[in-house]
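Overview (structure and organization)
These are the residues of each chain, in order.
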Amino acid sequence: MECQRIERPDHKKEMMGVHDAMDVLSGKWKIPIISSICYYNERRFSDILNDVPGISNKMLSKELKELEINKLIKRTVLDTQPITVQYVLTEHGETLKGIIKDLTAWGISHRKKIIGK
């Protein structure tokens, strides 16, 4: 999709789609959390905590609950001692894999352009 100045009747619908996506994925932590789960397919709480620098236990728990409410991840409590909680993408969450891959590639390219690394 190209960004153009031509007015189109479906522009408001597109803008609402962007708003809805940003509403679900906005913030500092959701994309890195989803990225961690995407990369490994399934992650335990402690794995995600280690993957996402700077996030607290409380914030990770909050963000995971929101992602679960939005049907992007599935939480499974495993019958282990101590109890282990595992997270996977739902079928709906799997639709984000291409977006995460593209966003990652763009981020790497952008970093090289800006700081040369």
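Whatever comes next refers back to the structure up there.
Residues numbered from 1 in each chain as written. Predicted model: local features only at pLDDT ≥ 70, side-chain atom pairs only at ≥ 80, totals over all residues. Heavy atoms only, no water.

Comments concerning the nonpolar core
What counts here: The criterion is simple. A nonpolar core is a set of buried Ala, Val, Leu, Ile, Met, Phe, Trp, Tyr and Cys residues joined through side-chain atoms within 4.5 Å. Three exposure classes are used, based on accessible area relative to the maximum for each residue type with a 1.4 Å probe and protein chains only: buried under 20%, partly exposed in between, and exposed over 50%. Put simply, DSSP marks the helices as runs of H or I at least four residues long and the strands as runs of E at least two long, and each gets a number from the N terminus on. In what follows, a contact means two residues having at least one pair of non-hydrogen atoms within 4.5 Å.
Within the largest apolar cluster, 19 residues are counted, with the highest numbers of intra-cluster contacts made by I33, I34, I37, I48, L64, I73 and Y87. Among the secondary structure elements, those contributing two or more residues to this core are α2 (30-40), α4 (57-69) and β3 (84-89). No other element matches α2, which puts four residues into this core. When neighbours within four sequence positions are excluded, I37 is seen to be in contact with E42, R43, I48, I73, Y87, V88 and L89.

Notes on the sheet that holds strand β2 (residues 73-78)
In plain terms, the rule: Should DSSP find at least two bridges between two strands, the strands are regarded as paired. Note on method: axes are straight lines fitted to C-alpha atoms, helices fitted across the in-contact stretch only, with angles between N-to-C directions ranging 0 to 180 degrees.
What the three strands build is an open sheet, ordered β1-β3-β2; its pairing is antiparallel. Of all the strands in the sheet, the pair left with one neighbour each is β1 (42-44) and β2. For this sheet, the mean inter-axis angle between neighbouring strands, taken without regard to orientation, is 25°.

Digging into the environment of L49
Of note, L49 is situated in helix α3 (residues 45-51). You can call L49 partly exposed: its relative accessible area is 23%. The spatial distance from the C-alpha of L49 to the C-alpha of S61 is 9.7 Å, given a sequence separation of 12 residues. Each residue touching L49, except ones within four places of it in the same chain, is listed here: I55, S56, N57 and L60.

Describing the pattern of salt bridges
Formally: Think of a salt bridge as a Lys or Arg side-chain nitrogen and an Asp or Glu carboxyl oxygen that are within 4 Å of each other.
This model, assessed by the stated rule, comprises eight salt bridges. For the salt bridge of D47 with R43, the shortest nitrogen-to-oxygen distance reads 3.8 Å. Looking at D47, the relative accessible area reads 15%, which means it is buried. The class for R43 is buried, based on a relative accessible area of 11%. When the shortest N-O distance is used, the salt bridge between D47 and R44 registers 3.1 Å. Salt bridges here are not isolated pairs; linked through shared partners, they connect K30, K62, E63 and E66.

Comments concerning the pairing of β3
Taking burial as the measure, the six residues of β3 include five buried ones, the bulk of the element. One ladder, built from three bridges, connects β1 with β3; its direction is antiparallel. Looking across to β3, one finds that R44 is bridged to Q86. Pairing of β2 with β3 involves six bridges; the strand directions are antiparallel. Paired with K74 across the strands is V88, a residue of β3. With antiparallel pairing between neighbouring strands as the criterion, β2 and β3 make up a hairpin whose turn holds five residues.

Notes on the packing of α2 against helix α6 (residues 97-115)
Packed helix pairs are characterised by how far apart their axes lie and by the angle those axes make with each other. The test is simple: Throughout, the term roughly parallel applies to angles under 35 degrees, roughly antiparallel to angles over 145, roughly perpendicular to angles from 65 to 115, and oblique to all others. Under the scheme applied here, ten amino acids are nonpolar (Ala, Val, Leu, Ile, Met, Phe, Trp, Tyr, Cys and Pro), four are charged (Asp, Glu, Lys and Arg), and all others, including Gly, are polar.
Running from N to C, α2 and α6 point in directions that differ by 110°, and their axes come no closer than 10 Å. Between α2 and α6, the angle falls in the class roughly perpendicular. Seen from α2, the contacting residues are I31, I34, S35 and C38; seen from α6, they are K97, I100 and L103. Residues belonging to the contact of α2 with α6 are distributed by class as follows: five nonpolar, one polar and one charged.

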